[in-house]
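These are the residues of each chain, in order.
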Protein chains: 4
Amino acid sequence: MRRRSKGQGRLILVSAMTPTPAGEGKTTTSIGLAQGLARLGLKSCIALREPSLGPIFGMKGGATGGGYSQLLPAEDINLHFTGDLHAITSAHNLLAAAIDNHIYWGNRSGLDPRTVRFHRVLDMNDRALRNIIIGLGGRTQGVPRESGFDITAASEVMAILALTEGREDLKERLSRIFVGLTYDGDQVTAGSMGVSGAMGVLLKHAIRPNLVQTLEGVPAFVHAGPFANIAHGCNSIIATKMAVGLADWAITEAGFGFDLGAEKFFDIKCRHGGLDPAIVVLVATCRALKMHGGKKKKDLDPPDPDAVERGLPNLEKHLENIGKFGLPAVVCVNRFPSDTPEELEVVTRRCGQLGVPASVGEGFLRGGAGMTDLAEKVVASATASDAHFKPLYDWSWPVEKKIQTVAKEIYGAEFVDFSPQARKDLATIRKFDYCSLPVCIAKTQNSLSDNPELLGRPKDFVVTVREIQIAAGAGFVIPITGEILRMPGLPAEPAALRMDIDRMGNITW
Amino acid sequence: MRRRSKGQGRLILVSAMTPTPAGEGKTTTSIGLAQGLARLGLKSCIALREPSLGPIFGMKGGATGGGYSQLLPAEDINLHFTGDLHAITSAHNLLAAAIDNHIYWGNRSGLDPRTVRFHRVLDMNDRALRNIIIGLGGRTQGVPRESGFDITAASEVMAILALTEGREDLKERLSRIFVGLTYDGDQVTAGSMGVSGAMGVLLKHAIRPNLVQTLEGVPAFVHAGPFANIAHGCNSIIATKMAVGLADWAITEAGFGFDLGAEKFFDIKCRHGGLDPAIVVLVATCRALKMHGGKKKKDLDPPDPDAVERGLPNLEKHLENIGKFGLPAVVCVNRFPSDTPEELEVVTRRCGQLGVPASVGEGFLRGGAGMTDLAEKVVASATASDAHFKPLYDWSWPVEKKIQTVAKEIYGAEFVDFSPQARKDLATIRKFDYCSLPVCIAKTQNSLSDNPELLGRPKDFVVTVREIQIAAGAGFVIPITGEILRMPGLPAEPAALRMDIDRMGNITW
Amino acid sequence: MRRRSKGQGRLILVSAMTPTPAGEGKTTTSIGLAQGLARLGLKSCIALREPSLGPIFGMKGGATGGGYSQLLPAEDINLHFTGDLHAITSAHNLLAAAIDNHIYWGNRSGLDPRTVRFHRVLDMNDRALRNIIIGLGGRTQGVPRESGFDITAASEVMAILALTEGREDLKERLSRIFVGLTYDGDQVTAGSMGVSGAMGVLLKHAIRPNLVQTLEGVPAFVHAGPFANIAHGCNSIIATKMAVGLADWAITEAGFGFDLGAEKFFDIKCRHGGLDPAIVVLVATCRALKMHGGKKKKDLDPPDPDAVERGLPNLEKHLENIGKFGLPAVVCVNRFPSDTPEELEVVTRRCGQLGVPASVGEGFLRGGAGMTDLAEKVVASATASDAHFKPLYDWSWPVEKKIQTVAKEIYGAEFVDFSPQARKDLATIRKFDYCSLPVCIAKTQNSLSDNPELLGRPKDFVVTVREIQIAAGAGFVIPITGEILRMPGLPAEPAALRMDIDRMGNITW
Amino acid sequence: MRRRSKGQGRLILVSAMTPTPAGEGKTTTSIGLAQGLARLGLKSCIALREPSLGPIFGMKGGATGGGYSQLLPAEDINLHFTGDLHAITSAHNLLAAAIDNHIYWGNRSGLDPRTVRFHRVLDMNDRALRNIIIGLGGRTQGVPRESGFDITAASEVMAILALTEGREDLKERLSRIFVGLTYDGDQVTAGSMGVSGAMGVLLKHAIRPNLVQTLEGVPAFVHAGPFANIAHGCNSIIATKMAVGLADWAITEAGFGFDLGAEKFFDIKCRHGGLDPAIVVLVATCRALKMHGGKKKKDLDPPDPDAVERGLPNLEKHLENIGKFGLPAVVCVNRFPSDTPEELEVVTRRCGQLGVPASVGEGFLRGGAGMTDLAEKVVASATASDAHFKPLYDWSWPVEKKIQTVAKEIYGAEFVDFSPQARKDLATIRKFDYCSLPVCIAKTQNSLSDNPELLGRPKDFVVTVREIQIAAGAGFVIPITGEILRMPGLPAEPAALRMDIDRMGNITW
């Protein structure tokens, strides 16, 4: 059995196979597992991300688990919560306003406005703000330039908050944000705009983790909320370290499939924060397997064990990927009402063949009581293993190599194509010596590839890197692949249409 | 003595002469007066507006009073507070996103995007967002159109929150927001976008007044925060009514000079809310009088009683205006360290000549103890008077006449010029029967006129109405005059440059 | 009888009352009059403007007269002709491209792109190009700024060509074109862009007048083509001088009503070119009079002598205006098939009462033979008169006064309102000493006022000056009034829809 | 010897190796060769393209040959000429204006403005017009959308004029221009805009070839002027057929290197026009060879036979390519003053080794007399050969295959990458059955590849297809590769800066 730092709990990462649009229940599983561990008499604690209003009013409901595996007070956590995301939005936009104000009042630095890719942000799914032209109206209204808004979950300030270790580090990181290039080709960073202190002021309370509890009383830190497709997808290092320091078993989650959130959890968050994860719980569902087995999204309910079988290669690829980080895995099949015993059997049998422990999780319906089997298997695997976490790549490698390694090893790509813009960005990265930063790849969550249409376990595909942004404050670069966008849009029938509140303040979702 | 509703306190409005950019201390005076009343053994309560981050990081510090007449905890009230402004921003922008989403997904209503003047908002001074083009990038990114951002303090949702009486009324007002015209010339209102319920959800907590206290323990409601130059400038009706219901003397404030906030307080807020104000305290300062007397803004400190004398016509015009609403006035000369006895004497002497009680207020330096003289004079005037509040105009008048009445009676204008756009807007107002709404004129705070250069008591000037927006949810129309903009910009050296926070979380402003 | 320069013919200006959209036949009248003079045995010559493709494909057909008073070859004159307008378009746009190229390649002059109001031009009615944003696409594609296209007839290069005396003067004027302001507030003129020589190269042939003839063999110079509503509306000085030098009676025309083209002809063209006009022929039609008498545009055909009578004040105002320039007038009632003797009688009787000779012109139907009466009256009046041309205003007056004089004296306005932008433009004009330039007011052709809805002889109206452009190369400033736009749009059913060409090259209009 | 149609001359195509920015003298060679043939007593005729003002005022001087191998009158041919390009610009922009006018007046067709890729055009190098937003300013000014300008040489109307056989065909082709898609996904073509007839009217004279002559009196048709990098690069079929019909030896030219103009000449023009080319003259220069041999562009003058040698693979690749069309080749080394005998010897020796006749051309210095050797070799090869022209690909192949064939066979590419946009465009092409159109690839002229940096004979490169436009009227699709743009920009020191004209009209370039 491996040794851990004295007084530190074991860190369990909950990740998932490539999900359906509705999600496979990672948060429900994380909460249920913590409750299951508690039922075994073990001291557990959870560290999760804060929900974003964008998807809540867009595609799906809240992000606080479900059924008997929920955080409380769910409604308030989902709506504004303690205001952290709004504070991040304000701090981010203060810098953006300061940049345009700097350009307006004489532009002493000689910053070329066309090189500024630091967008503004809003915690909203708002397609129309993706590509905009600002500063119109003439001499007293600004300087025209092309820009846009991202969702707050993709803000570099969000990433900085999630990766920082304290206020001083926070301000230093904020001042390192890459703003753009001067007409002479030098770089301009946020520090020269003079508002890092003021941004820190706006983040005064946001830097503090928020403590809530589950339905069954397990403590949970909910802090920071980057998405895993367009950002690094993990809750804050500060909160995760608190959880590890306070409990014997700390459960955390990384967004979307293992290829997205988990890869970034290991290669970015664990390395930035010196975290030592012990085991991965991979969430699978019969529905997702049926989708990868070729069923249409509206036909996932009827039983179809053959489709489940056909979808298994997706799960297998993620299990292979876990091995590349040196860690043991346990599969949790998150049970849905429509699942049949035959379907569940298909999954657990294959896991057995692969030598991976598997458990059918019933956290939604039964709370911790439905998760003790999983909890036992996780504890058994974690304590039995002498595996050690190892990152996928060395930060000192060239950026191209790091991207290619993730794309080929984790996504299964054949080749990585860099657009002309991406090649220019690589040259800028080299010029200003950002080569040793890890890569936080923006990629669709709907496929292992960068093409959302390719389900199952795609092969022989090319990953196209459209551009590479520099997030020097967060401490990574962001290769943007395929057609992924950092500001989501609302669907034709957004969730907001179904929401209401009555005169007493009771909300219906 | 006039009769009041049973169990209702008297409502004191604190307003001011035309201010300097730094402000004349209305909030400090309001708080000090409440403390002074308390020192006289009277039961007092305050109802104020919530601060906006825009000016805090732009021109000036906080908005919680100063010295010994402050609200506590000042820092937290100034920074995010309970998140109300962020909730308003989110609710407002949800509607904006829903509108563009409606256009994007087929535009079933036939809404002509060029007629949509419902902007997005941010609680930030951000000049570059005033005039923007959104929806760029091609077929999957939106529909291109010209739009912009206003500051949250100018949001119609803010105005609605400030004027509503409860959740049901809130949702109804939200659904009445005027969105634009169809290609066939019909109107489209927010209700047809289907998100009024969801907006109400986002405002679940924001509708509740926030209760804090002054340094000397007087209760204060701080709720809603519209500006008085680009919005109606008053805190919420709900909070004001609570104050009137809970104390014998309720003090509230209206933004900027009497011509802006107070006129709207009387003609919009009091009439929407059925409020019955008893008296006006008009704040003056020697500095402001010297500015109106022709001194440059950087030369206001050195003593100059002649300049004070020359500035008096501005004060006199505001006093005349108070009379037009049927109410008694008391002048409070808010003392600054640089004031000399000669200068103060100039003001009090003239007030004496005019028969208006005047008092030198020292709330900043001495708290309630420095305001008891004012408190006594206010109580004496209010209880002695049998004056009755009467509005300036009748809502049933045509919109042009209402605008002309305010411009001529209150501002002192010779003539009101309507631009071609304004004339088109008047036609739209008539067509859809918004004629009986009161007028919430957007005008510079730096002059009685719509030209910020004209100090003192300008005469023979023309007020130009550039456009007239319809705020059907708030319940008024917004004539926009001169070159006033509903999104401020940052100055060359914004206040944000001087702010910092240390590792322990201590803030320096 | 007044004396003329030796060897110089008399110069007759043909102008008109406020026209209907189809025009009243000034060109037909000019050509017919020249043919009429020739039938009297007098040596006559015509100097007209070149047609623009914009209106030809937009609202109406060609601009070469009609019926038996036409220029030949009409089709080729209307279509590209000798390419002069295309050469002007190219020269103009070369400067525009050079300006943006200058900004792109380092902007050594420090030109603030937001101050550049030198648009590009096309000889096309193209509404969508009025307001555009150019230079988008990032660092290698330009510098984003707001701009637009005007129609070539409004190009300053067109005006320069029309007002120049030769190649050297042409190049000097081109180099004086006002481009914009530097960030430091200095002016930038076209000379510093270095392309005045190249522009002169592009205008190598365009500077030469084009000689054609009428159906009856009278020589006609057709050269330069500014519109009279958005430019100065006269053909070139070079061509006019040739006509005066070659014939005893030279006929020229100024666009739209007397208030537009003729005022500019006198105050700009005659003064720039040292021309000495002898007499004005004012074209009227029963149709236009009926329109000014209150008939709808689609009801102008049926006889209605009362409506003609009611429309006379428009004609009278123009006749008064002619007197203000010190010249005799002859009215030509251009006969249409629908005119009745009663209607024609109404006009000629009133002219008789006013002491103004009048003649019914039948140039369209009968060529020169139908115009000898007019020719005789013109000769009689011109030779009898000892009147001398005098301009309306002194160029040395302030610009405001010049604008007010034209607006009040010629248009009949009560008051001139200058927008904030116009006031800034006046300050710029003063700063760079363009005060002594004459004013070339852009105004709707559909009314004596700046509001196209006001027919007849409007009174008590305000003229609003929206902005004032500096055309330093042309040698005037351009106050833009009302909502007039310098780029026309196509109607819902443009004339282009009805045009065709067969396989042999025969054109149908 | 092969048979020709009775009464038809032999058609000689002059093409070139990959050129330097100044060009290798194809036009000079074409004219010189025609003059050389005439000196041999043979009846020759030339068919060339019309110059564009864009490059004339941008990078280089005229396009009428040079020295003693020139067209007359060179100056007028280079400046506006007969106005054909302006007529094409007008016709093109009339359609563009009609499209936006259609959208403005109710958009009855349901055309989605975001799908319209039919740009406007100007005969000008104007970078700032590449990407623009039009239709701004509100409800009466248009409908906002993203668009741009191309140079007239890239206009589809230009291509149509160059490929048409007569007026009826011209109008039909104009009406087939692909405009965009409706909201329902149907296509909209120009015919439904109703202005094809009017466009034909504007092109009345432009459809007729222009006849000029060389310095030595050889007749030359100069007609139509598409560029070869961004269009199909050949003069008109009408003019070429006239030349073939009137002379025994007709010489024509295709733009830039053989990979661009010649490939399109064969696969598009010859096939559309039923032309039967007999032989190719490939122009090479020592300067270009030195550049491909690694010398910098400013160091091409000093002798360096080794660099010439190193540059030969570029020439060889073009010679190989000629073979793929089944035709014999003759190399003409166009002599420059700086060439040394050793350098020339390097080229002719290698041609000898390859069995390709080669001749040093001295048309510039000596006119036809310096080209008789080339003329003899061309006649000998053409009459001796029984080769038959064959196209590279079959029009019935899928578009992807046609692109891949050109890219691999002619450019030497390893692989063709289609961007997401290009893949969407392919789907549109399939949907509306444009699959059988030939491909007119837009590609940099500076390299055999789509990357202008790769000189010599690049290998192992990927060609990236960014988008594919449909030119249904011209009869081809336009795959756009690399970063090629269809609107050139001016250099930092454009040629326009050096141009002037004196008072007598003498031009200096």
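Residues numbered from 1 in each chain as written. Chains lettered and ligands numbered in written order. Predicted model: local features only at pLDDT ≥ 70, side-chain atom pairs only at ≥ 80, totals over all residues. Heavy atoms only, no water.

**Details of the overall build of chain A**
Threshold: Secondary structure elements follow DSSP: runs of H or I of four or more residues count as helices, runs of E of two or more count as strands, with numbering from the N terminus. Throughout this description, buried means an accessible area under 20% of the type-specific maximum (1.4 Å probe, protein chains only), exposed means over 50%, and partly exposed covers the range between. Residue contacts are defined here by distance: any two heavy atoms, one from each residue, within 4.5 Å place the two residues in contact. Only the protein chains shown count as cover for residues, and the accessible areas themselves come from Shrake-Rupley with a 1.4 Å probe. When charges are counted, Lys and Arg are positive and Asp and Glu negative, with His and the chain ends excluded. The atoms used to mark charge sites are NZ of Lys, CZ of Arg, CG of Asp and CD of Glu.
In terms of regular secondary structure, chain A is built from 16 helices and 21 strands. The C-alpha extent of chain A, read off along each of the three principal axes, is 70 × 55 × 50 Å. Within chain A, buried positions represent 66% of all 509 residues. Of all intrachain contacts in chain A linking residues separated by at least 6 positions in sequence, the fraction that spans at least 24 positions is 75%. Carbon and sulfur atoms make up 51% of the accessible area of chain A, which amounts to about 16,700 Å² in all. Between the centroid of the 57 positive side chains of chain A and the centroid of its 55 negative side chains there is a distance of 3 Å.

**Points about the domain arrangement of chain A**
Residues and elements named next belong to chain A. Our working definition: Residue ranges for the domains originate in an automatic or database domain assignment. A quick way to say it: buried area is the sum, across both parts, of accessible area lost when two parts are put together, with a 1.4 Å probe. Whenever Lys or Arg places a side-chain nitrogen within 4 Å of a carboxyl oxygen from Asp or Glu, that contact is recorded as a salt bridge.
As far as domains go, chain A holds domain 1 (10–82 + 206–384), domain 2 (84–202) and domain 3 (399–481). On a C-alpha basis, the centres of domain 1 and domain 2 stand 33 Å from each other. In this assembly, 31 residues from domain 1 lie in contact with 21 residues from domain 2. Taken over both partners, the interface formed by domain 1 and domain 2 buries close to 2,000 Å², and the fraction arising from carbon and sulfur atoms is 61%. At the surface where domain 1 touches domain 2, the tally comes to one salt bridge.

**Considerations on the sheet that holds strand β19 (residues 476–481) of chain A**
Residues and elements named next belong to chain A. Inclusion rule: Here a strand pair is declared whenever DSSP counts at least two bridges between the two strands. To obtain an axis, a line is fitted to C-alpha atoms, over the contacting stretch when the element is a helix, and the angle between two such axes runs from 0 to 180 degrees between their N-to-C directions.
A sheet is described by the order of its strands in space; here three strands give the open sequence β17-β18-β19, paired in mixed fashion. The sheet is open, and its two borders are formed by β17 (415–418) and β19, each paired with just one other strand. Averaged over neighbouring strand pairs, the angle between their axes works out to 45° when direction is ignored. The strands that helix α15 (residues 399–411) touches are β17, β18 (462–471) and β19; relative to β17, the one it contacts most, it runs at about 140°.

**Things to note about the interface of chain C and chain D**
Selection rule: N or O atoms closer than or at 3.5 Å make up a polar contact, with two conditions inside protein: a donor-capable atom paired with an acceptor-capable one, and, for residues adjacent in sequence, both atoms drawn from side chains. Each residue gets one label: Ala, Val, Leu, Ile, Met, Phe, Trp, Tyr, Cys and Pro are nonpolar, Asp, Glu, Lys and Arg are charged, and the others, such as Gly, are polar.
Tallying the contact residues gives 65 residues for chain C and 65 residues for chain D. Summing both partners gives a buried area of about 5,400 Å² for chain C against chain D, and 64% of it is carried by carbon and sulfur. If you sort the residues of chain C by the area they bury against chain D, C:Arg127, C:Val201 and C:Ile501 come out on top, with a joint share of 11%. With a closest N to O distance of 2.7 Å, D:Arg120 and C:Asp126 form a salt bridge. Seen at the junction of chain C and chain D, the total is 27 residue pairs in polar contact (both at pLDDT 80 or more). Only α2 (53–57), α3 (74–78), α4 (84–104), β5 (120–122), β6 (132–134), α6 (167–176), α7 (196–202) and β20 (500–501) of chain C provide two or more residues apiece to the side of chain C that touches chain D. The element that contributes the greatest number of residues to the side of chain C that touches chain D is α4(C), accounting for 10 residues. Considering only residue class, the side of chain C that touches chain D consists of 34 nonpolar, 17 polar and 14 charged.

**Remarks on the relation of the copies chain C and chain B**
Under the convention used in this document: Copies are brought into register by a least-squares superposition over C-alpha atoms of residues with pLDDT of at least 70 in both.
Mapping chain C onto chain B calls for a rotation angle of 180° and an axial translation of 0.1 Å; the resulting RMSD is 0.0 Å. The transformation relating the two chain copies, once decomposed into turn and shift, fits a two-fold axis. Most of the interface of chain C is mirrored in chain B, where 100% of its interface residues are also at the interface.

**With respect to the packing of aromatic side chains**
Centre distance and the angle of the planes are the two values used to describe a pair of aromatic rings. All names here are of chain B. Put simply, the test is: Aromatic pairing here means that ring centres of Phe, Tyr or Trp (its six-membered ring) are within 6.5 Å. Orientation follows from the plane angle: under 30 degrees is stacked, over 60 is edge-to-face, and everything else is tilted.
If you walk through the whole model with that rule in mind, you get 30 aromatic pairs over all chains. With a centroid separation of 6.0 Å and 50° between ring planes, the pair formed by Phe-258 and Phe-266 is classed as tilted. Assigned by exposure class, Phe-258 and Phe-266 land together as buried. On the numbers, 5.3 Å between centres and 70° between planes, the contact of Phe-265 with Phe-266 is edge-to-face. Classification of Phe-265 by relative accessible area gives buried; the value is 0%.

**Details of helix α14 (residues 372–384) of chain C**
All names here are of chain C. Put simply, the rule reads: A helix is expected to reach a length of 1.5 Å times the quantity of its residues less one.
Taking 1.5 Å of rise per residue, 13 residues should cover 18 Å, and α14 covers 18 Å from first to last C-alpha, within 8% of that figure. Among all positions of α14, only Leu-374, Ala-375, Val-378, Val-379, Ser-381 and Ala-382 are buried. If you follow the buried residues of α14, they end up packed against β1 (10–16), α1 (26–39), β13 (249–253), β14 (277–284), β15 (329–334) and β16 (358–361).

**A look at the interface of chain C and chain B**
Contacts between chain C and chain B engage five residues on the former and five residues on the latter. Surface buried jointly by chain C and chain B totals about 390 Å² across both partners, of which 54% is contributed by carbon and sulfur atoms. Per-residue buried area on chain C facing chain B is highest for C:Asp417, C:Pro420 and C:Glu483; these three make up 64% of the total on that side. One can count two salt bridges joining chain C with chain B. For the side of chain C that touches chain B, a count of residues per class yields two nonpolar, no polar and three charged.

**Let's talk about the packing of helix α1 (residues 26–39) of chain A against helix α14 (residues 372–384) of chain A**
All names here are of chain A. Heads up, the condition is: With respect to orientation, any angle under 35 degrees is reported as roughly parallel, any angle over 145 as roughly antiparallel, any angle of 65 to 115 as roughly perpendicular, and every other angle as oblique.
For the pair α1 and α14, the least separation of the axes is 8 Å and the interaxial angle reads 80°. It follows from the interaxial angle that α1 and α14 lie roughly perpendicular. When α1 is examined against α14, the residues Thr-29, Leu-33, Gly-36, Leu-37 and Arg-39 are found in contact with a partner set consisting of Thr-372, Leu-374, Ala-375, Val-378 and Val-379. Grouping the amino acids of the contact of α1 with α14 by side-chain chemistry returns six nonpolar, three polar and one charged.

**Re the pairing of strand β18 (residues 462–471) of chain D**
All names here are of chain D. By the criterion of burial, β18 is predominantly enclosed, with seven of the 10 residues buried. Where strand β17 (residues 415–418) lies against β18, four bridges are found, and the strand directions are parallel. When the bridges of β18 are listed, Val-416 appears paired with Val-463. With six bridges connecting them, β18 and strand β19 (residues 476–481) associate as antiparallel partners. Looking at β19, one finds that Gln-469 is bridged to Ile-478. Here β18 folds back onto β19, and the loop between the two strands holds four residues, one of which, Gly-475, carries a positive phi near 95°.

**So, the pattern of salt bridges**
Summed over all chains, the structure comprises 123 salt bridges over all chains. C:Arg39 is paired through a salt bridge with C:Glu216; the nearest N and O atoms lie 3.4 Å apart. One end of the pair, C:Arg39, is in helix α1; the other, C:Glu216, is in the loop between β11 (210–214) and β12 (219–222), and 177 residues separate them in sequence. Between D:Glu253 and D:Arg49 there is a salt bridge, and its shortest N-O distance comes to 3.7 Å.

**Examining the sheet that holds strand β3 (residues 65–66) of chain C**
Residues and elements named next belong to chain C. Read from one edge to the other, the open sheet built from 10 strands follows the order β3-β4-β11-β12-β2-β13-β1-β14-β15-β16, with strand pairing classed as mixed. Each end of this open sheet is capped by a strand with a single partner; those strands are β3 and β16. The pairing of strand β4 (residues 69–72) with β11 spans two bridges and is antiparallel. Bridge pairing links Leu-71 to Thr-214 in β11. This element, α1, spans β1, β2 (44–48), β3, β4, β11, β13, β14 and β15 of the sheet and lies at about 165° to β2. Along the sheet, helix α11 (residues 305–323) contacts β1, β14 and β15; its crossing angle with β14, the most-contacted strand, is approximately 175°.

**Re the environment of B:Glu165**
Residues and elements named next belong to chain B. Structurally, Glu-165 is set in the loop between α5 (156–163) and α6 (167–176). Taking the C-alpha atoms as reference points, Glu-165 and Arg-457, 292 residues apart in sequence, are found 38 Å from one another. The residues touching Glu-165, leaving out its near neighbours within four places in the chain, are Ile-237, Ile-238, Lys-241, His-272 and Gly-273. A distance of 3.4 Å separates polar atoms of two side chains, one belonging to Glu-165 and the other to Lys-241.

**Here's the deal with a nonpolar patch on the surface**
Stated formally: Patches here are clusters of residues that have more than 30% relative accessible area and form no salt bridge, with a 9 Å joining cutoff for like charges and a 5 Å cutoff for nonpolar side chains (Val, Leu, Ile, Met, Phe, Trp, Tyr).
Together, A:Tyr68, A:Leu72 and A:Leu215 make up an exposed nonpolar region whose accessible area comes to about 290 Å². Here A:Leu215 falls in the partly exposed class, since its relative accessible area comes to 40%.

**Let's talk about helix α16 (residues 420–431) of chain B**
Residue and element names in this part refer to chain B. Selection rule: The arc in question is formed by the directions pointing from the helix axis toward the C-beta atoms.
Between its first and last C-alpha atoms α16 spans 17 Å; for 12 residues at 1.5 Å apiece the expected length is 16 Å, and the two agree. Looking at α16, one finds that the buried residues are Ala-422, Asp-425, Leu-426, Thr-428 and Ile-429. The buried side chains of α16 occupy one side of the element, clustering within an arc of 160° when seen end-on. The elements touched by buried residues of α16 are β9 (178–181), α15 (399–411), β17 (415–418), β18 (462–471) and β19 (476–481). Just downstream of α16 lies Asp-433, where phi reads positive at about 65°.

**Notes on the packing of helix α11 (residues 305–324) of chain B against helix α12 (residues 341–354) of chain B**
A pair of packed helices is characterised by two quantities: the angle between their axes and the separation of those axes. Residues and elements named next belong to chain B. Formally: Each crossing is labelled by how the near helix is turned from the far one, with a counterclockwise turn of less than a right angle marking it left-handed and a clockwise turn marking it right-handed.
Here α11 crosses α12 at 35°, and the two axes come no closer than 10 Å. The hand of the α11/α12 crossing is right-handed. Between α11 and α12, the contacting residues are Pro-305, Val-308, Glu-309, Leu-312, Leu-315, Glu-316 and Leu-319 on the first element and Glu-342, Glu-343, Val-346, Val-347, Arg-349, Arg-350 and Leu-354 on the second. When the residues that make up the contact of α11 with α12 are grouped by side-chain class, the tally is eight nonpolar, no polar and six charged.

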